[in-house]
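Chain by chain, the residues run as shown.
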Amino acid sequence: MNLGTRAILYTARKWKKTLLLFCLLLSITTLVLSGLAISDAQEEQAEELRGTTGTSFTVSRNTATGGWGNGGNGSYSTQEYLTSDMMEKIVAVDGIEGYNASIRTILCLSDVNGQWLEQLEPTGHSMVDCQFYSYSCINSEYHSLFLSGALEMCDGEMLAPSFDNGIIISKEIADKHGLHVGDTIQAVNDPFSNDKTKELKIVGLFEVVADKTDERNNFNEASYYDYANNAFVSETTMKALLENYEDVGYASADFFVNDPEQLEGIIQQVQKITSINWNNFIITANDEVYERVSSSISDTGTLVTTLIVLITVVSMVLIILILSMSIRSRKKEMGILLAVGIEKPAVILQYTIETLLIAVAAFPLAYLSSKQVAGMLGTLFGKTAESVIVTTQHFTLVATLGAILLIAAVLISCIPAMRLKPKEILSQME
Amino acid sequence: MMHSKTKRNEVVSMNIIELKNVGYAYENKRKVLKAINLSLEEGKMYAILGSSGCGKTTLLSLMGGLDSPSDGQIFYEGKNIEKAGLSAHRKNNVAFIFQSYNLIDYLTPKENVALTSKLPPQPILERVGLTEEESRRNVLKLSGGQQQRVAIARALASDAKVILADEPTGNLDEDTAAEIANILKECAHQMNKCVVIVTHSNELAKQADEVLRLHRGEMKMLDRLNQSGRSGCYTEIVLQTYKAFNR
């Protein structure tokens, strides 16, 4: 009788022991698979976070190192401004995905017929009510109001550097005046001067989702600062509207990086750009949000990893103990097998096959059960059930490592008995 | 019986197992066997007598390759069993029968016999007195005598030339013990096996062709008995040998 047949017969006839090990392997594998799925969901969330926290650095004028002048409006810094050329050199550094610099002014908006548009809460004075706080954007996607989540696009698209004569207004203003994406309106900086009036195409509409108590961006729904009264135009449009005024450049610009982890290195690379006098500019890293959220995610990740390791270690100890007890109780059988000339490796191989036979049944079932359990366990770690997915890669990994660990467990369990001579085993039986 | 032909074509009996100056000491250095010299032939049943703890089972274990002697050498058909490999020796040359039967409890009698044999086990089991139905039962549901028959069948199925039996009738009633003794005798005389029995039982020893006594680690040949039931003579010789030992 070969060892395979013996292994099958043992597994079938000692069904209580088989069932015990089966249940143990099933529950452990289910937990480990679920843990891996949660861990992956965690990693995915972290990855997502890297891309969505808008980790950036700001390059701004260093007024402390510049001189000061006096004008009609009081003293002002004579420090140089950030130019488009400087910003293009900075954005060329590897790892920077985009940038934005903004000029804010008040534009008067009217429809194509020259009829002034009204703010959301008009005062009754048409020349006041037609004034809208407007921002120029190189890329509106990176504007702080959109990045912070205060505003959300609900129709159309963001302003990209390639856009010209485009404007984004709020959905509320659009609804109030029956405007839609694709419609044209007019904008002028100062209607009482010879400032140019430009026709602008509405490229997108936004919704205000900011908390009404948000004071960070001077939110005040009863004033100009009501986000619904904001508008966004492209850089070239703003320059055209302000052509009567000196283009000094930007006081600051925000540069957004692909991977927050690389922020420090990118800043170091930026500081190596020799054509910019870094004595005149300050670089500030804006990664507080990422650091704060990633620290929390990292803590959860550590907890999940610790749990997986803990479950695996405790399970392995448990399995080794059970196998040890089982093999100890089979000492007599081992002595008999050795006495009839079956070699020790063949006996160990038989025990290994028995364990693997159980694993072959337990692992696929654990795969199926973990698909049900993982989502439920994931919610305990703040994940949505849908985001916790047990994949075939998880199964392959767990099945392979599980098989290796089980073989190791059988070998470890066999050591005490295998160190004895057949006579010692048989005399211990007596 | 194993024979070899000489140049004159005479049939000469050959030793199948030979022990030369075999000694054995436990780890605590206590010597249990001292310079044992012994030659065993095929076709004979040997009985080894001796008090408890005198090293009978140890001697059987050494002959069966379950352990290695501290001193001396053991030969099977002229070859040193350690050099040939103890595991191979156990597999090919010897078969054990134990007092506690030592059957594998999750296998049926048939499967226990099949452990050591590729031959169909049923004819062998029937030869030792087990029916087809009994051969399919769980071994633990058989009586002691039936279990020992399975153990003997397993020994026979291995086709080993040497059968080493450690107290094979120790757990059996008189009638069953007698039946087992007869089977073992048949193994020696009809199947030409070398049967070595370690026993406390004089009744079983009486069945042996040769009786050996192990005393204080030394081996003494007591008698060569034929099968005509010379039990009186045997007892007498035992007594004489005791006297000789005491002197």
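What counts and how
Residues numbered from 1 in each chain as written. Chains lettered and ligands numbered in written order. Predicted model: local features only at pLDDT ≥ 70, side-chain atom pairs only at ≥ 80, totals over all residues. Heavy atoms only, no water. Salt bridge = Lys/Arg side-chain N within 4 Å of Asp/Glu carboxyl O. Helix = DSSP H or I, 4+ residues; strand = E, 2+ residues; numbered from the N terminus. Buried < 20%, exposed > 50% of the residue type's maximum accessible area, 1.4 Å probe, protein only. Patch = residues over 30% accessible without salt bridge, like charges linked within 9 Å, V, L, I, M, F, W, Y side chains within 5 Å. Areas by Shrake-Rupley, 256 points an atom, 1.4 Å probe, with all protein chains shown as cover. Lys, Arg positive; Asp, Glu negative; His and termini not counted. Charge placed at Lys NZ, Arg CZ, Asp CG, Glu CD. Core = buried A, V, L, I, M, F, W, Y, C linked by side-chain atoms within 4.5 Å. Contact = heavy atoms within 4.5 Å. 1 Å grid on protein atoms, 1.4 Å probe; cavity = no way out; pocket = protein on both sides within 12 Å on 5 of 7 lines; lining within 4 Å. Points joined across faces, edges and corners; volume = space filled by probe spheres on them. Nonpolar A, V, L, I, M, F, W, Y, C, P; charged D, E, K, R; others polar. Buried area = accessible area lost by both parts, 1.4 Å probe. Polar contact = N/O pair within 3.5 Å; in protein donor to acceptor, adjacent residues only side chain to side chain. Axes fitted to C-alpha atoms, helices over the stretch in contact; angles between N-to-C directions. Parallel < 35°, antiparallel > 145°, perpendicular 65-115°, else oblique. Left-handed = near helix turned anticlockwise from the far one by under 90°. Phe/Tyr/Trp six-rings, centres within 6.5 Å; stacked < 30°, edge-to-face > 60°. Lys NZ or Arg CZ within 6 Å of the ring centre and 35° of its normal.

A. Expanded view of the pattern of salt bridges. As enumerated under the stated definition, the model contains 21 salt bridges over all chains in all. Put simply, Glu-111 of chain B and Arg-13 of chain A hold a salt bridge, and the shortest N to O gap is 2.5 Å. You can see Glu-111 of chain B sitting in helix H4 (residues 109–114) and its partner Arg-13 of chain A sitting in helix H1 (residues 3–13), one on each of two chains. For Arg-13 of chain A, a relative accessible area of 38% puts it in the partly exposed group. Linking Asp-105 of chain B and Lys-14 of chain A is a salt bridge whose minimum nitrogen-to-oxygen distance equals 3.2 Å. In this pair, Asp-105 of chain B sits in the loop between strand E8 (94–97) and H4 while Lys-14 of chain A sits in the loop between H1 and helix H2 (15–52), so the two residues belong to two different chains. What emerges from the salt-bridge pattern is a single network uniting Glu-235, Lys-239 and Asp-247 of chain A.

B. Just a negative patch on the surface, in detail. All names here are of chain A. Together, Asp-40, Glu-43, Glu-44 and Glu-48 make up a negatively charged patch on the protein surface. As for its position among the elements, Asp-40 is in helix H2. Taking the relative accessible area as the measure of exposure, Asp-40 reaches 40% and is therefore partly exposed.

C. Spotlight on the nonpolar core. Membership of the largest hydrophobic core comes to 52 residues, with the highest contact counts inside it found for Leu-25, Ile-319, Met-334, Val-347, Tyr-351 and Cys-414 of chain A together with Ile-104 of chain B. Counting residues per element, this core draws most heavily on H2 of chain A, at 11 residues. Not counting chain neighbours up to four residues away, the residues in contact with Tyr-351 of chain A comprise Ile-327, Arg-330, Glu-333, Met-334, Val-410 and Cys-414 of chain A. In terms of nonpolar packing, the next biggest core, distinct from the first, is built from 35 residues, Ile-48, Leu-66, Tyr-76 and Leu-164 of chain B among them.

D. Local environment of the environment of Gly-402 of chain A. Residues and elements named next belong to chain A. Within the secondary structure layout, Gly-402 lies in helix H12 (residues 392–418). Residue Gly-402 is classed as buried on the basis of its relative accessible area of 15%. Look past the residues within four positions of Gly-402 in its chain and what remains in contact with it is Phe-363 and Leu-397.

E. Main features of unusual backbone geometry. Residues and elements named next belong to chain B. At Tyr-101, a residue that is not glycine, the phi angle is positive and equals roughly 65°. As for its position among the elements, Tyr-101 is in the loop between E8 and H4. If you check the backbone angles, Asn-192 has positive phi at about 60° while not being a glycine. Tracing the backbone shows Asn-192 in the loop between helix H8 (174–189) and strand E10 (194–198).

F. Highlighting empty space enclosed by the protein. Residue and element names in this part refer to chain B. Enumeration over the complete set of coordinates arrives at two cavities of 30 Å³ or more. Counted as a void, the largest cavity has a volume near 60 Å³. At the level of elements, helix H3 (86–92), E8 and helix H7 (144–157) are the ones that each hand at least two residues to the lining of the largest cavity. For the lining of the largest cavity, the leading source of residues is E8, giving three residues. Each residue belonging to the lining of the largest cavity can be placed in one class, and the counts come to six nonpolar, two polar and three charged.

G. Region of the structure containing the interface of chain A and chain B. Taken together, the 25 residues of chain A in the interface contact 26 residues of chain B. Of the roughly 2100 Å² buried at the junction of chain A and chain B (both faces included), carbon and sulfur atoms supply 58%. Where chain A packs against chain B, one counts three salt bridges. Run the count over chain A and chain B and you get eight residue pairs in polar contact (both at pLDDT 80 or more). Going through the elements one at a time, H1, helix H10 (331–339) and helix H13 (422–429) of chain A are the ones with two or more residues in the side of chain A that touches chain B. Looking at the side of chain A that touches chain B, its residues break down into 12 nonpolar, two polar and 11 charged.

H. The packing of H10 of chain A against helix H11 (residues 344–380) of chain A, seen in detail. All names here are of chain A. With their axes 10 Å apart at the nearest point, H10 and H11 run at an angle of 140° to one another. On the basis of the axis angle, H10 is oblique to H11. Both H10 and H11 take part in a crossing whose hand is right-handed. Note on element contacts: H11 touches H10 through Lys-344, Val-347, Gln-350 and Tyr-351, opposite Glu-333, Met-334, Leu-337 and Leu-338.

I. Expanded view of the packing of aromatic side chains. Residue and element names in this part refer to chain A. Following the criterion strictly, the structure yields 11 aromatic pairs over all chains and no others. Consider the rings of Tyr-135 and Phe-232, whose centres lie 5.4 Å apart with planes at 20°: the pair is stacked. Here the residue Tyr-135 occupies a position in strand E6 (residues 131–137), and Phe-232 occupies one in strand E11 (residues 230–234), the gap between them amounting to 97 residues. Between Tyr-367 and Phe-395, the ring centres sit 5.1 Å apart and the planes meet at 45°, which makes this aromatic pair tilted. Taken as a pair, Tyr-367 in helix H11 and Phe-395 in helix H12 lie far apart in primary sequence, 28 residues in all. With a relative accessible area of 23%, Phe-395 lands in the partly exposed category. Through a chain of ring-to-ring contacts, the aromatic side chains of Tyr-135, Phe-146, Phe-206 and Phe-232 assemble into a single cluster. The positively charged end of Arg-61 is found above the aromatic ring belonging to Tyr-81, 3.7 Å away from the centroid. Just above the ring of Tyr-10 sits the side chain of Arg-330; from NZ or CZ to the centre is 3.4 Å.

J. Quick peek at the packing of H7 of chain B against H8 of chain B. Residue and element names in this part refer to chain B. Relative to each other, H7 and H8 sit at 10°, their axes nearing to 10 Å. In terms of their interaxial angle, H7 and H8 are classed as roughly parallel. The segment H7 lies against H8, with Gly-145, Gln-148, Arg-149, Ile-152 and Leu-156 engaging Thr-176, Glu-179, Ile-180, Ile-183, Leu-184 and Cys-187. Of the residues contributing to the contact of H7 with H8, the split by class is six nonpolar, three polar and two charged.

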